[in-house]
Amino acid sequence: MMASVPNSDELIFFVNGRKVTEKNADPEVNLLYYLRKNFCLTGTKYSCGGGGCGACTVMVSRYNPKTKKIHHYPVTACLVPICSLYGAAVTTVEGVGSINTRIHPVQERLAKCHGTQCGFCSPGMVMSIYTLLRNHPEPTPEQITKALGGNLCRCTGYRTIVESGKTFCRESTVCGMKSSGKCCMDQEERSFVNRQEKICTKLYNEDEFQPLDPSQEPIFPPELIRMAEDPNKRRLTFQGERTTWIAPVTLNDLLELKANFPEATLIMGNTTVGPSIKFRDEFHPVFISPLGLPELYFVDCTDDGVTIGAGYSLAQLNDALHLIVLEQPKEKTKTYSALLKHLRTLAGAQIRNMATLGGHVVSRPNFSDLNPILAAGNATINLLSKEGKRQIPLNSHFLERSPEASLKSEEIVLSVYIPYSTQWHFVSGLRLAQRQENAFAIVNAGMSVKFEDGTDTIKNLQMFYGSVGSTVVSASQTCQQLIGRQWDDQMLSDACRLVLDEIDIPPAAGGGMVEYRRTLIISLLFKFYLKVRRGLNKMDPQKFPDIPEKFMSALEDFPIKTPQGTQMFQCVDPYQPPQDPIGHPVMHQSAIKHATGEAVFSDDTPPIARELFLAVVTSTKAHAKIISFDASEALALPGVVDVITAEDVPGSNNHRGEILYAQNEVICVGQIICTVAADIYAHAREAAKKVKITYEDIEPRIITIEQALEHNSFFTTEKKIEQGNVEQAFKYVDQIIEGEAHVEGQEHFYMETQTILAIPKEEDKEMVLYVGTQFPSHVQEFVAATLNIPRSRIACHMKRTGGGFGGKVTKPAVLGAVGAVAANKTGRPIRFILERGDDMLITGGRHPLLGKYKIGFMNNGVIKAADVEYYINSGCTPDESESVIDFVVLKSENAYHIPNFRCRGRACKTNLPSNTAFRGFGFPQATVVVEAYITAVASQCNLPPEEVKEINMYKRISKTAYKQTFNPEPLRKCWKQCLEKSSFYPRKLAAEEFNKKNYWKKRGLAVVPMKFTIGFPVAYYNQAAALVHIYLDGSVLVTHGGCEMGQGLHTKMIQVASRELNIPQSYIHLSETSTVTVPNASFTAASMGADINGKAVQNACQILMARLQPVIRKNPKGKWEDWIAKAFEQSISLSTTGYFKGYLTNMDWEKEKGEPYPYFVYGASCSEVEVDCLTGAHKLLRTDIYMDAAFSINPALDIGQIEGAFIQGMGFYTIEELKYSPEGVLYSRSPDDYKIPTVTEIPEEIRVTLVHSRNPIAIYSSKGLGESGMFLGSSVLFAIYDAVTAARKERGLTKTFSLNSPATPEWIRMTCVDQFTDMIPRDDPSTFTPWSIRVS
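What counts as what
Residues numbered from 1 in each chain as written. Predicted model: local features only at pLDDT ≥ 70, side-chain atom pairs only at ≥ 80, totals over all residues. Heavy atoms only, no water. Helix = DSSP H or I, 4+ residues; strand = E, 2+ residues; numbered from the N terminus. Pairing = 2+ DSSP bridges. Contact = heavy atoms within 4.5 Å. Axes fitted to C-alpha atoms, helices over the stretch in contact; angles between N-to-C directions. Buried < 20%, exposed > 50% of the residue type's maximum accessible area, 1.4 Å probe, protein only. Patch = residues over 30% accessible without salt bridge, like charges linked within 9 Å, V, L, I, M, F, W, Y side chains within 5 Å. Areas by Shrake-Rupley, 256 points an atom, 1.4 Å probe, with all protein chains shown as cover. Salt bridge = Lys/Arg side-chain N within 4 Å of Asp/Glu carboxyl O. Lys, Arg positive; Asp, Glu negative; His and termini not counted. Charge placed at Lys NZ, Arg CZ, Asp CG, Glu CD. Parallel < 35°, antiparallel > 145°, perpendicular 65-115°, else oblique. Left-handed = near helix turned anticlockwise from the far one by under 90°. Disulfide = S-S within 2.5 Å. pLDDT = per-residue confidence, 0-100. Nonpolar A, V, L, I, M, F, W, Y, C, P; charged D, E, K, R; others polar.

Undergrad: Explain the environment of Ser 792 to me, please; I cannot follow it from the model alone.
TA: Structurally, Ser 792 can be placed in the loop between helix H26 (776-787) and strand S33 (794-798). With 283 residues separating them along the chain, Ser 792 and Thr 1075 place their C-alpha atoms 8.9 Å apart.

Encoded structure:
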């Protein structure tokens, strides 16, 4: 078959204005790999490899010879085969602007608006906004939000990114101060602010921004225009190592090819084929790519409908339909409107610009959002082959893949015809997904009904459902039985019964959520029923009664609005010297580099001579004996250098209980058994698949906390604190409640996966590592123990990492040691980058938690006694689980004083990948349980939750349950301001009013207080050191032991040095963290990075200033440079180490008392949500956060941390859901299966206020704010709970019901019990094994 294929043509395209002529274009190579490896354009990042995160976004521009226009569109480079780029111009972030030439306004504004933290997603964000501006130089706010929908960010919480984009809008919507000169916050602020504390609201100055000048953009290469207009174009062939790519130039040529290669895959956007090749190991020897064939790109309007060419991208389809809807009367465009609604949320902008109508229709995904609507709208597919034309209806036979209704192998899709709707014809699209945008539907539907003219008698009915089976499913029998019926309530209840009979989702169905999906089938049908009733009434109000007023809101999906916010913080004292940067919102020191893609991450370092790539082979069993291991087939593959196993570890393979390579036995799915080293990653990955391992299961296999309790499987002894007499107190209370709450885990989803470069040196067994970590000395320790060499020979460098959140505290040590063993054995540098799926599988995440409580209280809401037990699912090795359970127990009272209080905690040992540190370190899980029992008490006492919180909150200087004294005054201040300034009570009344008027939508509000702690109970963990050099030109190099992962630690350290040395920040440089410069450094975690390293940098600077004092005294008016030169002449040392001994913390678990934390951080947050009781969707309307920041060293960074943590917390409590099989296999291993918040999930309005207090123990009276915002995300969970409570109350259901986290759409829908949830079939749990289980 391949013999007939001629030799390769040259592939010609442009990158950043430079011509690329590739003589050996390989169809299997994607643009991301090509840019990074061939051109070292490392600004385009690898983060997921499947088009789901937007980190690799670039702009593609093409010239259309027919319209003579240039079309710019965003794509995810990881899915673009280079062979598809013939004649295209690619622009990467480096081509937009650079520090060396000039930075582009998009890059400048993203940086100056504080829209970057770790910077790993920033190049993708820049490219999405830049591409939008190339097409729309003055975009609307809606266009900005839409453009960013395919880009994930785990650090910022998105508001700042959107705001940077909004500065380009015609009416800059950032702050009213400019236009009116008045601050919108003024009128309500005055009463609060005492005259000294002036409040600021501006974190950047728009006057600094350079204007956007579209005429300055690079021109489209004229050579490409000439190529596109060349009348003698010919077929192109690109011959790769294993595959062939053929690009026809005429329709006949395409049909000829399809006849010759009937099995060949037709490839356009590669959004279906690409992921199948990468993740499902599909192989295609021949690709035929008709990209750009003019015959496939057209819109043809007739009197009956519209025909759209199969080559149109979904974005072009959207634009075409939009125009038609504007031009045609409403009754004709019902199908088009339904399609437009789904096109808005389908994937993200990049995928919508790549995927084509023909490809989408013909690949018939079972989750398709468009095909059910097209089928309901009676669309037809126009096919073409050498034999001629043929039409097939896009109907149930086609969608259910009946062979007779499908394409023949030699046929192609030419176009899709979508007829107009008519007056008595209604068409709707309905869907529900885990999050609103860029997520596959849990269930979707396309429905249409035709009535006999002038009546409500059904003439024709069609219902198509997606995500309920292996294909899109039609409820054709139900529809058939309802013809001739009237559109009334009786018809509806029969329809629900019939459709549930017809569409059967088996109890163990893949994807799980079976009862929820059954409920959605009829809930969506009910929504359609209401829409049609409403439509009939509009046509003839006399004849057709309207739906009840209370049902109106059920018709509408939640709108997508552009988020906005205000930030308030203390202004800097006007008497502070102007060059002292402390207290100013200074931009992140690497922000501009983040935005230009010039910030170097570990994998961005250029290739090292002879380097090898590492791929992992992991266990497929949760608990088993390894019976046999055979790597012979892997070793025989091209490029493979070695397979590394436990046998190759020279030192310890089990350091501190953490196993590097499994030996004889595996203890979780995802445990590393061996690694494969090869010349390129593709070869290593291929070889890893060929390693053969056989297992024999070992009992017990423990996956859940319940199973661990059953088998008494724990890591640690019980940890306990107790005060008062709990047993006694229970005897004298009015009421006692008992309950439990399950809190599931969370994936870190840092944008940069775990990355290790291990370079063995020629001499003395030295090893140099470049690692993305929060704890370089831990990596050093593990590598030294593993290689059995002194730590002094291991150098660990860490410049920055693309997000950490706790996931890079202990895990890089194990992975670093794995990489070092490979480097040691092969004697060659090793590049070890985990793919997203492997990272999610191997590295664990936040500990799932089970909380059990017994609470005794009085009828007035005063809680007298609490007995709480916590269990966490630690996974298979100790990791940090003991510390996590310590934190859980110590922080278990949150903000409440309960006189008789007992809390116990244990870490359960299970056969899951080991869980680890995660922002908040146990507090976000444990405190949900506290707020849950407070809410349950409120419910029992018929009191509002906020009242019971207030009654039981700490009010005066007190001692915690472990006898640490503290003053809760800042807590009371945050709580009071939060209630008053968020207008909590008036808004609560408004929500109650809304709930009375709406049956299917409910609003809820909740406010949560927080008493959080920073630091560690072990005093020596709180120490820090720094090294400061002053050079003879007066420039200063600062190094310290902390790691930069986006939180702006280095920026704050430069601010500290600037103040202490009294020199401008521009004099100070901070390059990297390294075990060579600062040894034995503690981890950068527990919110104490700036606290402890700041003190160390301060100490070093003060020592140097003391040395310089004699010189300065002699010449007080001299310049800094003069003093330094003089000091050197006088042989005064200009270099010193600084040291901070650490906060003196301690905890005595025997006595159950201590001072485990240096100080407390207080806060309060109020959120308002609206939930859709029919689907379980929710919308976050507004959030107010009041955080006790004491005195903020840098308000921009601190507010960024608070907002970012809040959104991460909101995700944790609502949509982020890890799915495990009963056998302990993690299903959620990609952004397709695990949904972190996108720009559409964040509050429509977010207000953050830094509340001023004093904290003399910390540097400049600041506080560590890296984690505290995380728990405040639970205000969203409790607002959802409040809304669900309102729904249940109206339906006459019990007041109390179990609150678990996350409150997913499934939980919301199934807790809002109604006639539809009552109607679905239920299965006896003992008769089947569910697809997934909860592990808490």
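Having seen it, we continue.
Undergrad: I tried to follow the sheet that holds strand S20 (residues 564-570) on my own but got confused; where do I start?
TA: The strands making up a sheet are joined through hydrogen bonds of the backbone, oriented either antiparallel or parallel. Taken in spatial order, the 6 strands line up as S6-S20-S50-S49-S48-S40 in an open sheet, and their pairing is mixed. Each having just a single partner strand, strand S6 (199-200) and strand S40 (1001-1013) make up the two edges of the open sheet. Against the sheet, helix H39 (residues 1274-1290) engages S40, strand S48 (1160-1172) and strand S49 (1178-1190), with an angle of about 145° to S40.

Undergrad: Could you clarify how one ought to interpret helix H13 (residues 334-345) in this entry?
TA: The periodicity of an α-helix, 3.6 residues per turn, causes residues three or four places apart in sequence to face the same way. The element H13 is extensively covered by neighbouring structure, given that 10 of its 12 residues are classed as buried. Those residues of H13 lying buried are Lys 334, Thr 335, Tyr 336, Ala 338, Leu 339, Leu 340, His 342, Leu 343, Arg 344 and Thr 345. Backbone geometry just after H13 places Ala 347 at a positive phi near 50°.

Undergrad: Where do I start with a negative patch on the surface in this structure?
TA: On the surface, Glu 762, Glu 763, Asp 764 and Glu 766 cluster together into a negatively charged patch. For Glu 762, the position within the fold is in the loop between strand S31 (755-760) and strand S32 (767-771).

Undergrad: Looking at this model, I keep getting lost on the packing of helix H19 (residues 489-502) against helix H20 (residues 514-539). Mind explaining?
TA: For the pair H19 and H20, interaxial distance at closest approach is 10 Å and the crossing angle is 150°. In terms of orientation, H19 and H20 fall into the roughly antiparallel class. In the packing of H19 onto H20, the handedness of the crossing is right-handed. Side by side, H19 and H20 meet where Asp 489, Met 491, Leu 492, Ala 495, Cys 496, Val 499 and Leu 500 of the first sit next to Arg 518, Ile 521, Ile 522, Leu 525, Phe 526, Tyr 529 and Arg 533 of the second.

Undergrad: It is not clear to me how the state of the cysteines should be interpreted in this structure. Could you clarify?
TA: Such a bond, covalent and formed between the sulfur atoms of two cysteines, is termed a disulfide. Applying the stated criterion to the full structure yields 1 disulfide. There is a disulfide in this structure between Cys 200 and Cys 571, and the S-S distance comes to 2.0 Å. Between Cys 200 and Cys 571, the S-S dihedral sits near 120°, and the bridge is therefore right-handed. Within this pair, whereas Cys 200 is found in strand S6, its partner Cys 571 is found in the loop between S20 and helix H21 (591-596), the two being separated by 371 residues in sequence. The structure places no disulfide on Cys 674, whose sulfur is separated from the nearest cysteine sulfur, that of Cys 668, by 15 Å. Note on Cys 674: relative accessible area 0%, which makes it buried. No disulfide involves Cys 876; its nearest neighbouring cysteine sulfur is the one of Cys 668, lying 3.8 Å away. On the accessibility criterion, Cys 876 (9% relative accessible area) is buried.

Undergrad: Looking at this model, I keep getting lost on the confidence of the model for the chain. Mind explaining?
TA: Atomic detail in the predicted coordinates should be set aside for any region of low pLDDT. On average, residues of the chain score 96 in pLDDT, and 98% of them reach the 70 mark or higher. Every residue in residues 176-181 scores below 50 in pLDDT, and together they form 6 contacts with partners more than four places removed in sequence or on other chains. This model gives residues 186-195 a pLDDT under 50, and the stretch forms 8 contacts once residues within four places in sequence are excluded.

Undergrad: Help me understand the packing of helix H31 (residues 945-952) against helix H32 (residues 969-981) in this model?
TA: The relative placement of two packed helices is expressed as an angle between their axes plus a distance between the axes. Across the interface, H31 lies against H32 with an axial gap of 12 Å and an inter-helix angle of 160°. In terms of axis orientation, H31 runs roughly antiparallel to H32. When the axes of H31 and H32 are compared, the crossing they make is left-handed. In contact with Glu 946, Lys 949 and Glu 950 of H31, H32 contributes Arg 972, Trp 975 and Leu 979. Looking at the contact of H31 with H32, its residues break down into 2 nonpolar, no polar and 4 charged.

Undergrad: For this particular structure, what's the right way to read the environment of Glu 142?
TA: Assignment of secondary structure puts Glu 142 in helix H5 (residues 141-147). Owing to a relative accessible area of 48%, Glu 142 belongs among the partly exposed residues under this scheme. Spatially, the C-alpha atoms of Glu 142 and Leu 339 are 19 Å apart, while their sequence positions differ by 197 residues.

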